[in-house]
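Secondary and tertiary structure notes
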Amino acid sequence: MPRHYGPWKIVASHSIYRDPWVELDRDDVIRPDGLPGSHSIVRLKPGVCVLALDGQGHVHLTEEFHYAVGRISIEAVSGGVELGESPAQTACRELEEELGILAAKWTDLGTVDPFTTVVVSPTQLFLAEDLQFTATRPEGTEQIRPLRMELSEALRMVESGAISHAPTCVLILRTALRQMMKSE
């Protein structure tokens, strides 16, 4: 029996692939226009994205080669939420591992869905402040170059496209807006 899913009807669901990071499903559907079809959905492990802002108005970002896009990308600290961890715990762990930063003040800036048509990848955004610096503990796949710049420079890099990682872009924009509203 088909089940309704918004304006779609799902006739059957098939699991195509599973690993600890990615799930791929294909649904046989009746499309909103009444015709039969299929729709695939990729589910990624939920993640976090953390922007560290120091007392001088500088943000701390990462510069790293990312396999999927095949190039170096400038991003805020990001990572997947491990089983048994809350997004806040993941944010703390990732910030320390990747940049060697501990933060006394954390602000949850909401969730973004970087993709909405065929990929489910919720990413929780955090602003980290009142920073202390310690040693990094990168994973074996990470070769991270830390970057420190004024928030205004990061904002210009979002505008120019030099920073293209969607959660990082939203996080920088939300942080800049918060700073502007504090100044008013």
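Small disclaimer: the values here were computed from a predicted structure and weren't measured.

With that settled, the discussion passes to the overall build of the protein. Of the regular secondary structure elements, the protein holds 3 helices and 12 strands. Principal axes of the C-alpha set define a box for the protein whose edges measure 60 × 40 × 30 Å. Relative to its 184 residues, the protein shows a buried fraction of 38%. Considering only contacts in the protein between residues 6 or more positions apart, those separated by 24 or more positions represent 55%.

Looking now at the sheet that holds strand S2 (residues 8-18). If you trace the 5 strands from one edge of the open sheet to the other, you get S1-S2-S3-S4-S10, paired in mixed fashion. Strand pairing shows two members of the sheet lacking a second neighbour, strand S1 (3-5) and strand S10 (119-120), which therefore form its edges. Across 8 bridges, S2 lies against strand S3 (residues 22-30) in antiparallel orientation. Paired with Ile10 across the bridge in S3 is Val29.

The next subject is the nonpolar core. The biggest cluster of nonpolar side chains holds 22 residues, and the ones touching the most others in it are Leu51, Val59, Leu61, Met149, Ile163, Leu171 and Ile172. Taken together, the elements giving at least two residues each to this core come down to strand S5 (47-53), strand S6 (58-66), strand S9 (101-112), strand S11 (123-133), strand S12 (145-150), helix H2 (151-160) and helix H3 (166-183). Other than its neighbours up to four places away in sequence, Leu61 contacts Leu51, Ile74, Glu75, Ala76, Leu99, Arg145, Pro146, Leu147, Met149, Ala154 and Ile163. Core analysis: the second largest hydrophobic core is formed by 14 residues, Val81, Ala91, Ala128 and Ile144 among them.

On to the pairing of S2. Examined bridge by bridge, S1 and S2 share 3 bridges and lie antiparallel to one another. Bridging across to S2, Arg3 finds its partner in Ile10. Between S2 and S3, which pair antiparallel one after the other, the connecting turn spans 3 residues.

Quick look at the packing of aromatic side chains now. All chains considered together, the criterion is met by 1 aromatic pair. Plain terms: the ring middles of Trp106 and Phe126 are 6.3 Å apart, the flat faces sit at 80 degrees to each other, and that makes the pair edge-to-face. In this pair, Trp106 sits in strand S9 while Phe126 sits in strand S11, placing the two residues 20 residues apart along the sequence. Here Lys45 stacks its cationic end above the ring of Trp21, 4.1 Å away from the centre of that ring.

Attention now goes to the side chain of Thr175. You can see Thr175 is positioned in helix H3. Apart from residues no more than four positions distant in its own chain, Thr175 is found in contact with Leu51, Leu53, Leu109, Leu127 and Leu151.

As a further point, take a nonpolar patch on the surface. Nonpolar side chains collect at one region of the surface, where Phe65, Tyr67 and Ile72 lie side by side and expose about 420 Å² of accessible area between them. Mapped onto the elements of the fold, Tyr67 is located in the loop between S6 and strand S7 (71-75).

Cut-offs used in this document
Residues numbered from 1 in each chain as written. Predicted model: local features only at pLDDT ≥ 70, side-chain atom pairs only at ≥ 80, totals over all residues. Heavy atoms only, no water. Helix = DSSP H or I, 4+ residues; strand = E, 2+ residues; numbered from the N terminus. Buried < 20%, exposed > 50% of the residue type's maximum accessible area, 1.4 Å probe, protein only. Contact = heavy atoms within 4.5 Å. Pairing = 2+ DSSP bridges. Core = buried A, V, L, I, M, F, W, Y, C linked by side-chain atoms within 4.5 Å. Phe/Tyr/Trp six-rings, centres within 6.5 Å; stacked < 30°, edge-to-face > 60°. Lys NZ or Arg CZ within 6 Å of the ring centre and 35° of its normal. Patch = residues over 30% accessible without salt bridge, like charges linked within 9 Å, V, L, I, M, F, W, Y side chains within 5 Å. Areas by Shrake-Rupley, 256 points an atom, 1.4 Å probe, with all protein chains shown as cover. Salt bridge = Lys/Arg side-chain N within 4 Å of Asp/Glu carboxyl O.

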